[in-house]
Amino acid sequence: MAPIPGSGLAKGLAVTLRTMTRKSVTEQYPDALPELPPRTRGVIGLFEENCTVCMLCARECPDWCIYIDSHKETVPAAAPGGRERSRNVLDRFAIDFSLCMYCGICIEVCPFDALFWSPEFEYAETDIHELTHERDKLREWMWTVPAPPALDPGAEEPKEIAAARKTAEKLAAAQAEPQEGES
């Protein structure tokens, strides 16, 4: 069946009329902050204590906007007769947000949960060179990261928590046995 001439124009006018009859809502942004969804992707926060300088985030970043510098330190032996160990120490962790495309790959590949999405979005700069934020600024944003959503009541307990609970119960049982034998 052939379209009726002018039907597209009529549909367009109908949409316009419907829109014109609705009340418009203006967000007063600088005065009133918008209500953002709970897990909004704003900026990336760094939890420095969890970072082991494994460089996975920098290697997997498609834009190559993560800059990491580190050095090795020798850690003395934990027990007498043991050998010294070396570990990486983070010197610099920076993200160039002028290059970042906010894909979240760096957050997904981090095996130690050092990177998180923060809902902060007001970090505009007048100079593009100031959009490279160092670890102190990334750390500040870490404290704005919302808590993860609660687990489903019917969900299984996470494996890590279950293993920690079993270990704690074994230790408590082992400590209770000598006390029972003394009495």
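Our subject is the structure listed above.
Residues numbered from 1 in each chain as written. Predicted model: local features only at pLDDT ≥ 70, side-chain atom pairs only at ≥ 80, totals over all residues. Heavy atoms only, no water.

What follows is about unusual backbone geometry. Of note, the phi angle at M55 is positive, near 70°, even though the residue is not glycine. With respect to the helices and strands, the residue M55 is situated in the loop between β1 (43-46) and α2 (56-60). Positive phi values are uncommon outside glycine, yet D113 reaches one of about 50°. Along the chain, D113 falls in the loop between α3 (105-109) and β4 (115-118). (Helix = DSSP H or I, 4+ residues; strand = E, 2+ residues; numbered from the N terminus.)

The next thing to look at is the layout of surface pockets. Each pocket or cavity is described by its volume, and for the largest pocket that value is around 270 Å³. Along the walls of the largest pocket sit P38, R39, T40, I107, E108, D113, L115, F116, W117, V145 and P146, which together make up its complete lining. Broken down by secondary-structure element, the contributors of at least two residues to the lining of the largest pocket are α3 and β4. Of the residues forming the lining of the largest pocket, the biggest block, three residues, is contributed by β4. Tallied by class, the residues present in the lining of the largest pocket amount to seven nonpolar, one polar and three charged. (1 Å grid on protein atoms, 1.4 Å probe; cavity = no way out; pocket = protein on both sides within 12 Å on 5 of 7 lines; lining within 4 Å. Points joined across faces, edges and corners; volume = space filled by probe spheres on them. Nonpolar A, V, L, I, M, F, W, Y, C, P; charged D, E, K, R; others polar.)

Our focus in this paragraph is the nonpolar core. By size, the foremost hydrophobic cluster in this structure holds 26 residues, and its most contacted members are I44, I66, I68, F93, I95, F97 and L115. Mapped onto this core, the elements with two or more residues apiece are β1, α2, β2 (66-75), β3 (85-96), α3, β4 and α4 (135-142). (Core = buried A, V, L, I, M, F, W, Y, C linked by side-chain atoms within 4.5 Å. Buried < 20%, exposed > 50% of the residue type's maximum accessible area, 1.4 Å probe, protein only.)

Together, Y29, L33, L36 and F121 give the surface a local cluster of nonpolar side chains, amounting to about 370 Å² of exposed area. Note that L36 resides in the loop between α1 (7-21) and β1. (Patch = residues over 30% accessible without salt bridge, like charges linked within 9 Å, V, L, I, M, F, W, Y side chains within 5 Å. Areas by Shrake-Rupley, 256 points an atom, 1.4 Å probe, with all protein chains shown as cover. Salt bridge = Lys/Arg side-chain N within 4 Å of Asp/Glu carboxyl O.)

Let us look at the state of the cysteines. On inspection of all chains with the given rule, the structure shows zero disulfides. Unpaired in this structure, C100 has its nearest cysteine sulfur neighbour in C65, at a distance of 4.4 Å. Of the residues examined, C100 reaches a relative accessible area of 14% and is grouped as buried. Its sulfur unpaired, C103 is 6.1 Å from the next cysteine sulfur, which belongs to C61. For C103, a relative accessible area of 30% corresponds to the partly exposed category. (Disulfide = S-S within 2.5 Å.)

A separate point is the pairing of β3. Pairing analysis gives ten bridges linking β2 to β3, with the strands arranged antiparallel. Note on β3: the bridge partner recorded for E73 is R87. In the sheet, β3 pairs with strand β5 (residues 132-133) via two bridges, with the strands oriented antiparallel. Counterpart to I95 in the pairing with β5 is H133. (Pairing = 2+ DSSP bridges.)

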